[in-house]
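So you can see what is in the structure, the chains are spelled out below.
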Amino acid sequence: MDSNTQRELYQQMVTIRTYEETILREYHADKKPVFDIGAGLIPGEMHLAAGQEPVAAGVCAHAIDGDSVTATHRPHHFALAHGVEINAMTAEIFGRVDGLGRGRGGHMHLFDPKAKFSCSGIIGEGLPVAVGQALAMKRRGTNNVAIAVAGEGAANQGAFHESLNLAALWKLPVIFVVEDNDWGISVPRSQSTSVPSNAVRAAAYGIPGVRVEDNAVESVYEEAGKAFERARNGGGPSLLEVSTLRLWGHFEGDAQGYRSDLEGVPGRDPIPTYEQTLRDAGVIDDSFVEQTRSEAVKRVEAAVEFAKSSPEPDPSTAGDYVFA
């Protein structure tokens, strides 16, 4: 891998982490002294992806204009990596009229037709949608690829297996990405899934399946590149599972009493690990790290200010955009 790509992957991961840390700050700012999930500038549930940055950065680095992403209820990292407009995305999270969905959807229902990005609070919802997108791409004769992201828990849904089967049968350009962060809400994978890796399930549908064990962005990038090449060249779908990490809870307000691994979690943070790797290789230095962080903070804080300055929807317009 050339050094420019390495630096770009690092920058993408830092931007995503900065965004998640900032949303975390804004989400909790006015939910004290007693946590109230419905209060504050960002009401409702909040699922953040700190620790899972290598998956989005490594996969989306191969995407081109016209490729699509269907993401999960934990979507910000893939949205940013796929090029969703950060100001409109942030305004949507704050429930404001300048948001992607005019403030109607919130953080679990980001929809950007320009970037061809969507997500949902329904587990596994994006898998059949991606198959439909890939069918359209194939019929139009493009070389575009649909990326379907799901958690390891969603791999036990019927929609997962139906989607893999149909995509394989029709040789559609889909990449199924499974983020294995060990926990389906509070249930460990070992208690919910009969196989040690969802990657082995690809064999049942006659397609390649690979698991990346180390949550390292370069490993994700390498394996994703093979899947994109296969899809663009008419080879059909692939399944990529990444053993990644949920640094924080399933949602904000989650006490995580079910987790026995919390003590060791910070030490497995992929960003300082990758940063040290690049420092040791002479690819980045203190100046580059400082500039990357400064630019990320500037960009993210500007998006938050944009969101806060956007008006809240007028209650009288609640019925708008519902029926055509």
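Residues numbered from 1 in each chain as written. Predicted model: local features only at pLDDT ≥ 70, side-chain atom pairs only at ≥ 80, totals over all residues. Heavy atoms only, no water.

- Looking at an unreviewed UniProt entry, one finds the protein named Acetoin:2,6-dichlorophenolindophenol oxidoreductase subunit alpha, with Glutamicibacter nicotianae as its source organism.

1. Some remarks on helix H2 (residues 53-60)
- Most of H2 is tucked away, with 8 of its 8 residues classed as buried.
- Residues of H2 that are buried: Glu53, Pro54, Val55, Ala56, Ala57, Gly58, Val59 and Cys60. (Buried < 20%, exposed > 50% of the residue type's maximum accessible area, 1.4 Å probe, protein only. Helix = DSSP H or I, 4+ residues; strand = E, 2+ residues; numbered from the N terminus.)

2. Side note on the layout of surface pockets
- The computed volume of the largest pocket comes to approximately 500 Å³.
- Lining the largest pocket are 32 residues, and of these His73, Ile123, Gly151, Gly153 and Ala154 sit closest to its centre.
- Top element by residues in the lining of the largest pocket is strand E4 (residues 146-151). It accounts for 3 residues.
- Class assignment for the residues of the lining of the largest pocket results in 11 nonpolar, 16 polar and 5 charged.
- Quantified by volume, the second largest pocket comes out at close to 230 Å³.
- Considering the residues around the second largest pocket, the lining is formed by Glu85, Glu92, Leu100, Gly101, Arg104, Gly105, His109, Phe111, Asp112, Pro113 and Lys114.
- When the residues that make up the lining of the second largest pocket are grouped by side-chain class, the tally is 3 nonpolar, 3 polar and 5 charged. (1 Å grid on protein atoms, 1.4 Å probe; cavity = no way out; pocket = protein on both sides within 12 Å on 5 of 7 lines; lining within 4 Å. Points joined across faces, edges and corners; volume = space filled by probe spheres on them. Nonpolar A, V, L, I, M, F, W, Y, C, P; charged D, E, K, R; others polar.)

3. A word on the sheet that holds strand E9 (residues 238-243)
- As summarised here, the arrangement of the 7 strands in space is E2-E3-E1-E4-E5-E9-E8, forming an open sheet in which the pairing is mixed. Each edge of the open sheet carries a strand with a single partner, namely strand E2 (111-112) and strand E8 (209-212).
- With 6 bridges connecting them, strand E5 (residues 174-180) and E9 associate as parallel partners. Bridge assignment links Phe176 to a residue of E9, and that residue is Leu239.
- The sheet strands contacting helix H6 (residues 158-169) are E5 and E9, and the helix crosses E5 at an angle near 150°. (Pairing = 2+ DSSP bridges. Contact = heavy atoms within 4.5 Å. Axes fitted to C-alpha atoms, helices over the stretch in contact; angles between N-to-C directions.)

4. Notes on the packing of aromatic side chains
- According to the stated counting rule, one finds 3 aromatic pairs in the structure shown.
- Judged by centre distance (6.4 Å) and plane angle (50°), the rings of Tyr27 and Phe35 are tilted.
- You can call Tyr27 buried: its relative accessible area is 0%.
- The partly exposed category is assigned to Phe35, whose relative accessible area is 35%.
- The ring of Tyr27 is capped by Lys31, whose NZ or CZ atom sits 3.8 Å from the centre of that ring.
- Of note, Arg102 hangs over the ring of Tyr321, and the distance from its end group to the ring centre comes to 4.1 Å. (Phe/Tyr/Trp six-rings, centres within 6.5 Å; stacked < 30°, edge-to-face > 60°. Lys NZ or Arg CZ within 6 Å of the ring centre and 35° of its normal.)

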